[in-house]
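Understanding the architecture of this molecule
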Protein chains: 2
Amino acid sequence: MLKRYLLAPGPTPVPPEALMAMAMPIIHHRSPDFIPVLEAAKKGLQWLYQTTTDVLILCATGTGGMVGAVNNFFSAGDNVLVINGGKFGERWTEIGNAYHLAVQEISVEWGYTVNPHDIEKALKSDPSIKGVLVQASETSTGVYHDIEAIAAVVKKFENTILVVDAISGLVAHDLKMDAWGIDVLIGGSQKGLMLPPGLAFVGISDKAWAHADKATSPKFYFNLKKERESLKKNQTNFTSAVTLIIGLNECLKILQKEGLENAFKRHKILAHATREAIKALGLKLFSQESPSNSVTAICTPDGIDGQEIYKNLRGRYGITAAGGQGKARGNIFRIAHLGYAGPFDVITAIAGVEMVLKTMGYELTLGTGVAVAQELLMV
Amino acid sequence: MLKRYLLAPGPTPVPPEALMAMAMPIIHHRSPDFIPVLEAAKKGLQWLYQTTTDVLILCATGTGGMVGAVNNFFSAGDNVLVINGGKFGERWTEIGNAYHLAVQEISVEWGYTVNPHDIEKALKSDPSIKGVLVQASETSTGVYHDIEAIAAVVKKFENTILVVDAISGLVAHDLKMDAWGIDVLIGGSQKGLMLPPGLAFVGISDKAWAHADKATSPKFYFNLKKERESLKKNQTNFTSAVTLIIGLNECLKILQKEGLENAFKRHKILAHATREAIKALGLKLFSQESPSNSVTAICTPDGIDGQEIYKNLRGRYGITAAGGQGKARGNIFRIAHLGYAGPFDVITAIAGVEMVLKTMGYELTLGTGVAVAQELLMV
């Protein structure tokens, strides 16, 4: 009998309250029953996004939100600047290419964060750049790009909007959409929001809507203007993912009860405890600067395959963490502390990592990392 | 946001498969749909009880099963011998008194186990004793009475049946009903069987049924002969607790997949790891001999109130363990490793105990107990 623990950077565990609500009989998305459901979701998302603008709800994975951000605000041939420091930075470029944008990249070494000055330099040297596309938390490397500083830069350029993939960053990091001036802020359901996969969220500033008026990229499913019109009537353009939106309201209630600042603080503490525990085991963090509060990427010790650590955690102990993606595959493994996560998730993860590494021949004293985590997680 | 962990000696956590099955629409207990459900439960319980006799299913807590064992096999004035080494030993006496039996006690100091020779001596000196009433695992003290040895003694006395309260012992300890000669074996749903409270199980030997023929204690709800007749038709005497019995089948499936020997072994390992971790922290076990595989009772360090440890575990860390009962209240706290339990439940419990004790001023090095548990739980 193997009890299962989900400690991956998405999907993340779903709280019982949301599971219960989603198990209730389904209601119809065009019936009056659904109006208050979508209205509550809309308001809750505005609270989470720290914005007064509408946050659209799409029936799609986070990537659907990224595609929507490309095909609604840009046209073929438009210059955009992608910050590429990991697998999800690469995805911006791939989507941009698919829609025939003229993608320029600031290539950031994996494990590092972009320097906002480099963005400013690029925008100054090419005023035709219509958008900067970046991740908040780059899930593949465990790095957080400084969105506040980047927003302060992009704000200076009237013709340029800032598009932030906060799919794994939302809830774990403070992202003040209105106060900082983020133009497009993309979230997903299966990360900090503690839901199953299936919803993407897109917050859109007035500056971004002005771009949308001129954008000619083909669009049908991700037609954000039509979504905005529907949202005004507390509906979605196509069939609403009724069950997930009902679950969303439960998760938003949990977060509102906790408070936004407390949620950020909780993620910060869990991430800090994870990193310090890992370092106490003599392991190195993959993030060389500005580590993410959502997920910790850990360098595999010499002579050990990171994918084997991941497989052993799952096979021996029922812990689903994550291996490495893309070019980091085999060199890292990753532990999430995201969403419905508390101190004993970190302790379980660190205890499991210790036990697996010891089995795999890495020299360590059991409990070393756990003790460091305990110290930092005591309340 | 406080994630909750249920590490009490009942109710214990319910596996997702059982929760799901119990969330399905209810069926009628007198409909043909229910026949195969009760038939499967009957067979599964026989497998668990290691018996070919029927195991009755009562809609009651475990105490209901204890009452049924008293009012079906004994009459007012009958001599019975109660092994009283804890709060649940006391309960045998209380039930016996309520039904006007002539209760004799072997009083066992809390934390100790009964010496089977003392039982033999008592039975020899008073051949009129019709029953020996004992616990397998005494939940209040964390002690396991040696049922195999006790059964070997009672078997020698033709007029005497052995009645075992295995409510918290079942699944955690090997209890061979037929091979050892246990006459009445009582279980409950909310312990090793991983279900919500609400079902009691009573396995009954031919020797016990012969007692039932002569017993005149008043009975209506717990009329085990009528239950046996109903069970032959795959029914229960009164309304079946349909949902719980459907859940029971799911939990039995989980245990059958694991295998009975593996389930016993798992509980033994979890209990051993818990005890060794606790001792490594300089704490003393309350059980002075034959510790239970279901629950570990731990002596509170000098100057600390056991109830406060229990309250801090719950209030600070969301861990519901248990305090002390009856005269042990305040002097002990208890951690269960029972039912749907695995290595990281033990690690969570020990980590939590360390953090709470440190906060309460007990001197310890964080991670000391966890490391010992990790060593013993590595696979």
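Residues numbered from 1 in each chain as written. Chains lettered and ligands numbered in written order. Predicted model: local features only at pLDDT ≥ 70, side-chain atom pairs only at ≥ 80, totals over all residues.

**A word on the overall build of chain A**
Rules: In this description a helix means any DSSP run of H or I spanning at least four residues, a strand means any run of E spanning at least two, and both kinds are numbered starting from the N terminus. C-alpha atoms define the radius of gyration, and 2.2 Å times the number of residues to the power 0.38 defines the globule rule. With C-beta atoms placed from the backbone, a residue is labelled by how many other C-beta atoms lie within 10 Å of its own: buried for 20 or more, exposed for 12 or fewer, partly exposed between the two. With C-beta atoms placed from the backbone, a contact is any residue pair whose C-beta atoms sit within 7 Å.
What chain A contains, in helices and strands, is 14 helices and 13 strands. In summary, chain A has a C-alpha radius of gyration of 21 Å against a globular reference of 21 Å for 379 residues, a match within 12%. For chain A, the C-alpha atoms occupy an extent of roughly 60 × 55 × 35 Å along the three principal directions. The buried share of chain A, taken over its 379 residues, is 54%. A separation threshold of at least 6 residues defines the contact pool for chain A, and within that pool the share at least 24 residues apart is 71%.

**Considering the pairing of strand β2 (residues 55–59) of chain A**
Residues and elements named next belong to chain A. The following threshold applies: When DSSP finds at least two bridges between two strands, those strands are taken to pair.
Counting buried positions along β2 gives four out of five residues, so the element sits mostly inside the fold. The pairing of β2 with strand β10 (residues 199–204) spans five bridges and is antiparallel. Paired with Ile57 across the two strands is Phe201, which belongs to β10.

**Considerations on the sheet that holds strand β3 (residues 79–84) of chain B**
All names here are of chain B. Short version of the rule: Throughout, an axis means a line fitted to C-alpha atoms (over the contacting stretch in the case of helices), and angles, computed between N-to-C directions, take values from 0 to 180 degrees.
Read from one edge to the other, the open sheet built from seven strands follows the order β2-β10-β9-β8-β5-β3-β4, with strand pairing classed as mixed. Both edges of this open sheet fall to β2 (55–59) and β4 (102–107), since each of them pairs with a single strand only. Between one strand axis and the next, the sheet turns by 20 degrees as a mean value, whatever way the strands run. Pairing between β3 and strand β5 (residues 129–135): four bridges, direction parallel. Considered in β5, the bridge of Asn79 is made with Ile129.

**Describing the packing of helix α13 (residues 343–359) of chain B against helix α14 (residues 368–377) of chain B**
All names here are of chain B. What counts is decided by this rule: Working rule for angles: under 35 degrees goes down as roughly parallel, over 145 as roughly antiparallel, 65 to 115 as roughly perpendicular, anything else as oblique. Only Asp, Glu, Lys and Arg are considered charged in this grouping, and only Ala, Val, Leu, Ile, Met, Phe, Trp, Tyr, Cys and Pro are considered nonpolar; every other residue, Gly among them, is considered polar.
The interhelical angle for the contact between α13 and α14, taken along N-to-C directions, is 170 degrees, at an axis separation of 9 Å. The angle between the axes of α13 and α14 places the two elements in the roughly antiparallel class. For the pair α13 and α14, the contacting residues are Pro343, Val346, Ile347, Ile350, Ala351 and Glu354 in the first and Gly369, Val370, Ala373, Gln374 and Leu377 in the second. A class-by-class count of the residues in the contact of α13 with α14 yields eight nonpolar, two polar and one charged.

**Here we look at the confidence of the model for chain A**
Selection criterion: Each residue carries a pLDDT value, the predictor's own confidence for that position, ranging from 0 to 100.
Put simply, chain A has an average pLDDT of 97, and 100% of its residues get 70 or more. Predicted as a complex, the structure gets a pTM of 0.95 and an ipTM equal to 0.93.

**Description of the packing of helix α11 (residues 260–280) of chain A against helix α13 (residues 343–359) of chain A**
All names here are of chain A. Applicable threshold: Handedness of each helix crossing follows the sense of rotation of the near helix against the far helix: counterclockwise by less than a right angle gives left-handed, clockwise gives right-handed.
Taken N-terminus to C-terminus, the directions of α11 and α13 make an angle of 20 degrees; their axes are 10 Å apart at the nearest point. Comparing their axes, α13 and α11 come out roughly parallel. In this structure, α11 meets α13 at a crossing whose hand is right-handed. For the pair formed by α11 and α13, the contact residues are Leu270, Ala273, Thr274 and Ala277 on the first element and Val346, Ala349 and Ile350 on the second. Of the residues in the contact of α11 with α13, the class split is six nonpolar, one polar and no charged.

**A word on the relation of the copies chain B and chain A**
The following threshold applies: Least squares is the method for superposing the copies, and the C-alpha atoms it fits come from residues with pLDDT of at least 70 in both.
Once turned by 180 degrees and shifted 0.0 Å along the axis, chain B lies on chain A with an RMSD of 0.0 Å. Such a combination of rotation and displacement between the chain copies is what one expects of a two-fold axis. Using C-alpha coordinates, one finds that chain B approaches the rotation axis most closely at Gly367(B), a distance of 2.6 Å. Take the interface residues of chain B: 100% of them recur as interface residues in chain A, which is what a same-surface contact looks like.

**Concerning the domain arrangement of chain A**
Residue and element names in this part refer to chain A. The condition is simple: Domain delimitation in this document rests on an assignment produced automatically or drawn from a domain database.
Here the domain parsing of chain A yields domain 1 (5–10 + 259–377) and domain 2 (16–257). If you average the C-alpha positions of domain 1 and of domain 2, the two centres end up 27 Å apart. Each partner contributes to the interface: domain 1 provides 25 residues, whereas domain 2 provides 26 residues. Those elements giving two or more residues to the side of domain 1 that touches domain 2 turn out to be α11 and β11 (295–299). Split by residue class, the side of domain 1 that touches domain 2 holds 10 nonpolar, 12 polar and three charged.

**As for the interface of chain B and chain A**
Taken residue by residue, the interface counts 28 residues in chain B and 28 residues in chain A. Looking at which element gives the most residues to the side of chain B that touches chain A, the answer is α13(B), with nine residues. Residues that form the side of chain B that touches chain A fall into these classes: 15 nonpolar, six polar and seven charged.

**Here we look at helix α2 (residues 34–49) of chain A**
Residues and elements named next belong to chain A. For the record, the criterion: Here the expected span of a helix is defined as 1.5 Å times the quantity of residues minus one. This arc describes the spread of directions from the helix axis toward the C-beta atoms.
When the terminal C-alpha atoms of α2 are compared, their 22 Å separation across 16 residues agrees well with the 22 Å that a helix rising 1.5 Å per residue should span. Among all positions of α2, only Leu38, Ala41, Leu45, Leu48 and Tyr49 are buried. Seen end-on, α2 carries its buried residues on one side only, within an arc spanning 85 degrees. Where α2 is buried, its residues touch β2, α7 (177–180), β9 (184–188), β10 and α10 (242–258). Gln50 sits one or two positions beyond α2 and adopts a positive phi of about 55 degrees.

**Some details on the sheet that holds strand β4 (residues 102–107) of chain A**
All names here are of chain A. Here we have seven strands laid out as an open sheet, ordered β2-β10-β9-β8-β5-β3-β4, and mixed in their pairing. On the outer flanks of this sheet lie β2 and β4, each paired with one strand and no other. Neighbouring strand axes in the sheet, compared pairwise and without regard to direction, differ in orientation by 20 degrees on average. Bridge count for strand β8 (residues 161–165) against β9 is three bridges, and the pairing is parallel. Across the sheet, the residue bridging to Val163 is Val184, located in β9. Contacting β5 (129–135) and β8, helix α6 (residues 147–154) crosses the sheet at an angle of about 160 degrees to β8. Helix α8 (residues 206–214) contacts β5, β8, β9 and β10 of the sheet and is inclined by roughly 105 degrees relative to β8.

**A few points about the environment of Pro36(B)**
Residue and element names in this part refer to chain B. Here Pro36 shows up in helix α2 (residues 34–49). Among the residues examined, Pro36 registers 11 C-beta atoms within 10 Å and is labelled exposed. Along the primary structure Pro36 and Glu261 are separated by 225 residues, whereas in three dimensions their C-alpha atoms are 27 Å apart.

**Concerning the environment of Ala351(A)**
By the element assignment, Ala351(A) lies in helix α13. Exposure remark for Ala351(A): the 32 C-beta atoms within 10 Å place this residue in the buried category. Note: C-alpha distance between Ala351(A) and Gly369(A) (18 residues apart in sequence) is 7.5 Å. Not counting chain neighbours up to four residues away, the residues in contact with Ala351(A) comprise Val370(A), Phe344(B), Ile347(B), Val370(B) and Gln374(B).

**Considering unusual backbone geometry**
If a residue is not glycine, its phi is most likely negative; likewise, a peptide bond is most likely trans. With omega at -5 degrees, the peptide bond leading from Gly10(A) into Pro11(A) counts as cis. In this structure, Pro11(A) sits in the loop between β1 (5–6) and α1 (16–22). The phi angle at Val171(A) is positive, at roughly 80 degrees, despite the residue not being glycine. Relative to the helices and strands, Val171(A) resides in the loop between β8 and α7. Overall, the presence of 27 C-beta atoms within 10 Å leaves Val171(A) in the buried class. Not every positive phi belongs to a glycine, and Gln50(B) is a case in point at roughly 55 degrees. By secondary structure assignment, the location of Gln50(B) is in the loop between α2 and β2.

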